[in-house]
Amino acid sequence: SMKRGEALQVVVATDEHSFELDEEALKKVLERDDVRNKKVVVVSVAGAFRKGKSFLLDFFLRYMTRDGHVDGNEWMGEKDEPLDGFHWRGGTNRDTTGILMWSEPFFRTLPSGEEVAVLLMDTQGAFDNQSTVKDCATVFALSTMVSSVQVYNLSQMIREDDLQHLQLFTEYGRLAQEESSATPFQMLNFLVRDWSFGYEYDNGAKGGEAYLEKTLKVTDSQHEQLKGVREHIRSCFEEVSCFLLPHPGLKVATQRDFTGCLSDIDEEYQENLRQLIPNLLSPERLIMKKINGTKVTGSDLLIYFRQYMAMYKGDELPEPKSMLEATAEANNLAAVNSAIDLYRTSMSEVCGPSQPFLSPTDLETSHDQHKAAALQKFRSSRKMGGTSFSQSFEKHLEKQITEAYEDFVKSNNNKNVFSAARTPATLVVVIILAHLISYFLDFVYLNSVDQMVDLCWWIAVLMLIAWAYVRYSGQYREIGKFVDSTAEFLWDQCLCEVYTLVAGKMFAVALPGGKKQKRE
């Protein structure tokens, strides 16, 4: 197969007509090192079952895998080359349920020079005999909220029902625009398949534009709600377009063993695909995902998925108002995420695993400086929900920074050679002292006390052996912790005092002597 990767089910439909997020599957794509911090382009194809969404996505894959060109513009491949990619099969059984994402992102450089990760999504077909209206509205809502390009895959014409689906977004969009000047969504493309009214409107983008113009015209006879959709749809998306795609031909519709070879597909259909796909996927046409005017990275997108999924859990479709709240929450969480990332990265450069021990005062200075930078990044990023809404997220960020700082302090202390050697050094000092004291007590015949000191000597030796074994084997770590804390107590309470006292005395003796010599 020419394509690396597979279709991963990231949103799963359950039998109870609800949806669950498969976070592990999603993380495989969005948490990759080469995607986490990259801006993403999310292209979704959504619409009814058995209307060839997966068939179309296979051509998307073919275009992306071949970088848009093989022998000039022939990315479509050989005449007898079967399509593979998204599991795709003609007929009437349920196939793609929920939302699938292609496991391999495609990296493209935009005309601006920025590299982005392009993600392809396939959204569950709707209105088949098992899906309820709510199921299909949910999955369509979810994929529109997270995608930058939503290809609305429709059969034969744009019906009033199809517009009904968009009502949720136009209402959401109006609310979002009251709060922010940014356009809520990027691109909506009505892809009308099996278009057979070529005598009225030509196939392709030009005919599509004229057809869309007529469809979105408001007339008195229309339903009030759908008048609203027609009036506001263009203001909710940065770009609304339409493409009329003719029927792929009789063989596609009737052959049971149809494999997607070009030789079985009508030439006119192929011509239109050659126009449609580069128009959606060529680097100069790619549209980065933006929420509240801010470009979204892979790890941001994971947060939005989580927040939106939580909202679609109930029996009812969410209100536009709660969609807005979920977006504001995810938006603030993404800002927290990117601020804490900045703090961790900056601190790692100063005292990460590969850096040597840093003095505690320098570490604290670095912490204060990078904490201020992280808070500044959070405050200056565009967020929804207003200042008071953002305050609780700022507190959450501060808490995360404090926790991260505590980890840095711990790992920095572990690099201090003396602190690492404190336990064995303390125990060795205790062993030597006990030996000397025992020798002295033996000398003055204080046997009963001598036995106590001997016992201390044995305990210290056993503790040293136990400590060495724990360090070497990594087992019985609780014993190791106990020995460390006992040694720390002995050092802090006894030996440190004695050391300070002796060092002070020696220092005092040395100095006057030095002065006398000078005077002489």
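Criteria and cut-off values
- Residues numbered from 1 in each chain as written.
- Predicted model: local features only at pLDDT ≥ 70, side-chain atom pairs only at ≥ 80, totals over all residues.
- Heavy atoms only, no water.
- Helix = DSSP H or I, 4+ residues; strand = E, 2+ residues; numbered from the N terminus.
- Contact = heavy atoms within 4.5 Å.
- Areas by Shrake-Rupley, 256 points an atom, 1.4 Å probe, with all protein chains shown as cover.
- Core = buried A, V, L, I, M, F, W, Y, C linked by side-chain atoms within 4.5 Å.
- Buried < 20%, exposed > 50% of the residue type's maximum accessible area, 1.4 Å probe, protein only.
- Axes fitted to C-alpha atoms, helices over the stretch in contact; angles between N-to-C directions.
- Parallel < 35°, antiparallel > 145°, perpendicular 65-115°, else oblique.
- Left-handed = near helix turned anticlockwise from the far one by under 90°.
- Nonpolar A, V, L, I, M, F, W, Y, C, P; charged D, E, K, R; others polar.
- Pairing = 2+ DSSP bridges.
- Phe/Tyr/Trp six-rings, centres within 6.5 Å; stacked < 30°, edge-to-face > 60°.
- Expected span 1.5 Å × (residues − 1).
- Arc of directions from axis to C-beta.
- Salt bridge = Lys/Arg side-chain N within 4 Å of Asp/Glu carboxyl O.

## Describing the overall build of the chain
Alright, step 1. Broken down by element type, the chain carries 16 helices and eleven strands.
Alright, step 2. Taking the intrachain contacts of the chain between residues at least 6 apart in sequence as the baseline, contacts between residues at least 24 apart amount to 75%.
Alright, step 3. Here the chain has roughly 26,900 Å² of accessible surface; of this, 55% comes from carbon and sulfur atoms.

## Here's the deal with the nonpolar core
In globular proteins that are soluble, nonpolar side chains generally tend to be buried together.
Alright, step 1. Counting 59 residues, the largest nonpolar core has Ile158, Leu166, Phe190, Leu301 and Tyr308 as its most contacted members.
Alright, step 2. Here this core takes eight residues from helix α10 (residues 298-311), the largest share from any one element.
Alright, step 3. Apart from the residues within four sequence positions on either side, leucine 166 is in contact with Phe140, Tyr152, Leu188, Phe190, Val229 and Ile233.
Alright, step 4. Core analysis: the next-biggest nonpolar cluster, separate from the first, contains 35 residues, Val45, Leu56, Tyr63 and Leu281 among them.

## Considerations on the packing of helix α1 (residues 23-30) against α10
Alright, step 1. Between α1 and α10, whose axes approach to 9 Å, the crossing angle comes to 160°. By the angle between their directions, the pair α1 and α10 is classed as roughly antiparallel. Note on packing geometry: the crossing formed by α1 with α10 is right-handed. Taking contact as the criterion, the partners of Glu23, Leu26, Lys27 and Leu30 in α1 are, on α10, Gly298, Ser299, Leu301, Leu302, Phe305 and Arg306.
Alright, step 2. In terms of residue class, the contact of α1 with α10 is built from five nonpolar, two polar and three charged.

## Things to note about the packing of helix α12 (residues 360-380) against helix α13 (residues 386-415)
Alright, step 1. Orientation of α12 relative to α13, taken along the N-to-C sense of each, is 155°, at an axis distance of 11 Å. What the angle tells us is that α12 and α13 run roughly antiparallel. Two packed elements cross with a definite hand, and for α12 against α13 that hand is right-handed. Counting all contacts with α12, which are made through Leu363, Glu364, His367, Lys371, Ala374, Leu375, Phe378 and Arg379, the residues of α13 involved are Ser390, Phe393, Glu394, Leu397, Glu398, Ile401, Tyr405, Phe408, Val409 and Asn412.
Alright, step 2. A breakdown of the residues in the contact of α12 with α13 according to their chemical character gives ten nonpolar, three polar and five charged.

## Things to note about the pairing of strand β6 (residues 115-123)
The side chains of a regular strand alternate, residue by residue, between the two faces of the sheet.
Alright, step 1. Across the nine residues of β6, eight count as buried, placing the element largely inside the fold.
Alright, step 2. Relative to β6, strand β3 (residues 40-47) is paired through six bridges, and the arrangement is parallel. When the bridges of β6 are listed, serine 44 appears paired with methionine 121.
Alright, step 3. Relative to β6, strand β5 (residues 106-109) is paired through four bridges, and the arrangement is antiparallel. Bridge pairing links phenylalanine 107 to alanine 117 in β6.
Alright, step 4. Counting the residues that bridge the hairpin from β5 to β6 gives five residues, and of these glycine 113 lies at a positive phi of roughly 95°.

## Points about the packing of aromatic side chains
For any pair of aromatic rings, the description consists of the separation of the ring centres together with the inter-plane angle of the planes.
Alright, step 1. A full pass over the atoms with the stated rule returns four aromatic pairs.
Alright, step 2. A ring pair is formed by tyrosine 152 and phenylalanine 190, whose centres lie 5.9 Å apart and whose planes are at 40°; its orientation type is tilted. Here tyrosine 152 is found in strand β7 (residues 149-155), whereas its partner phenylalanine 190 is found in strand β8 (residues 185-193), with 38 residues between them in sequence. Assigned by exposure class, tyrosine 152 and phenylalanine 190 land together as buried.
Alright, step 3. Between tyrosine 343 and phenylalanine 408, the aromatic rings sit 6.2 Å apart at their centres with planes inclined by 70°, giving edge-to-face as the arrangement. Linking tyrosine 343 in helix α11 (residues 320-351) with phenylalanine 408 in helix α13, this pair joins segments that are 65 residues apart in sequence.

## Topic: unusual backbone geometry
Alright, step 1. Of note in the backbone geometry, glutamine 156 takes a positive phi value of approximately 70° without being a glycine.
Alright, step 2. On the accessibility criterion, glutamine 156 (37% relative accessible area) is partly exposed.

## Remarks on α12
Alright, step 1. The first and last C-alpha atoms of α12 sit 30 Å apart over 21 residues, in line with the 30 Å expected at 1.5 Å per residue.
Alright, step 2. For α12, the set of buried residues is Leu363, Ser366, His367, His370, Ala374, Leu375 and Phe378. Buried residues of α12, seen end-on, are gathered within an arc of 165° and therefore sit on one face of the element. Among the exposed residues of α12, those pointing more than 90 degrees away from its buried face are Thr361, Thr365, Gln369 and Ser380.

## A closer look at α10
Alright, step 1. In this model α10 runs 21 Å from its N-terminal to its C-terminal C-alpha over 14 residues, within 8% of the 20 Å that 1.5 Å per residue would give.
Alright, step 2. With twelve of its 14 residues buried, α10 lies for the most part within the structure.
Alright, step 3. Every buried residue of α10 is listed here: Gly298, Ser299, Asp300, Leu301, Leu302, Ile303, Tyr304, Phe305, Gln307, Tyr308, Met309 and Met311.

## A word on the pairing of strand β1 (residues 7-13)
Alright, step 1. Pairing geometry for β1 and strand β4 (residues 99-102), over four bridges, is antiparallel. When the sheet's bridge partners are listed, leucine 8 is paired in β4 with methionine 101.
Alright, step 2. Pairing of β1 with strand β2 (residues 19-21), which is carried by three bridges, proceeds in the antiparallel orientation. Of the residues in β2, the one forming a bridge with valine 11 is leucine 21.

## So, the pattern of salt bridges
In a structure, side chains of opposite charge can pair up when their charged atoms sit close to one another.
Alright, step 1. Taken as a whole, this structure holds 13 salt bridges when the rule is applied.
Alright, step 2. Salt-bridge contacts for glutamate 31 lead to arginine 36; the nearest nitrogen and oxygen are separated by 3.9 Å.
Alright, step 3. For arginine 36, a relative accessible area of 22% translates into the label partly exposed.
Alright, step 4. Of the charged contacts, one joins glutamate 115 and lysine 38 as a salt bridge, the two residues approaching to 3.2 Å between their closest N and O atoms. Taken together, the residues glutamate 115 in strand β6 and lysine 38 in the loop between α1 and β3 connect sequence positions 77 residues apart.
Alright, step 5. Take glutamate 115: its relative accessible area is 36%, and that puts it in the partly exposed class.
Alright, step 6. Taken together, the shared-partner salt bridges connect Glu23, Lys27 and Arg306 into one network.

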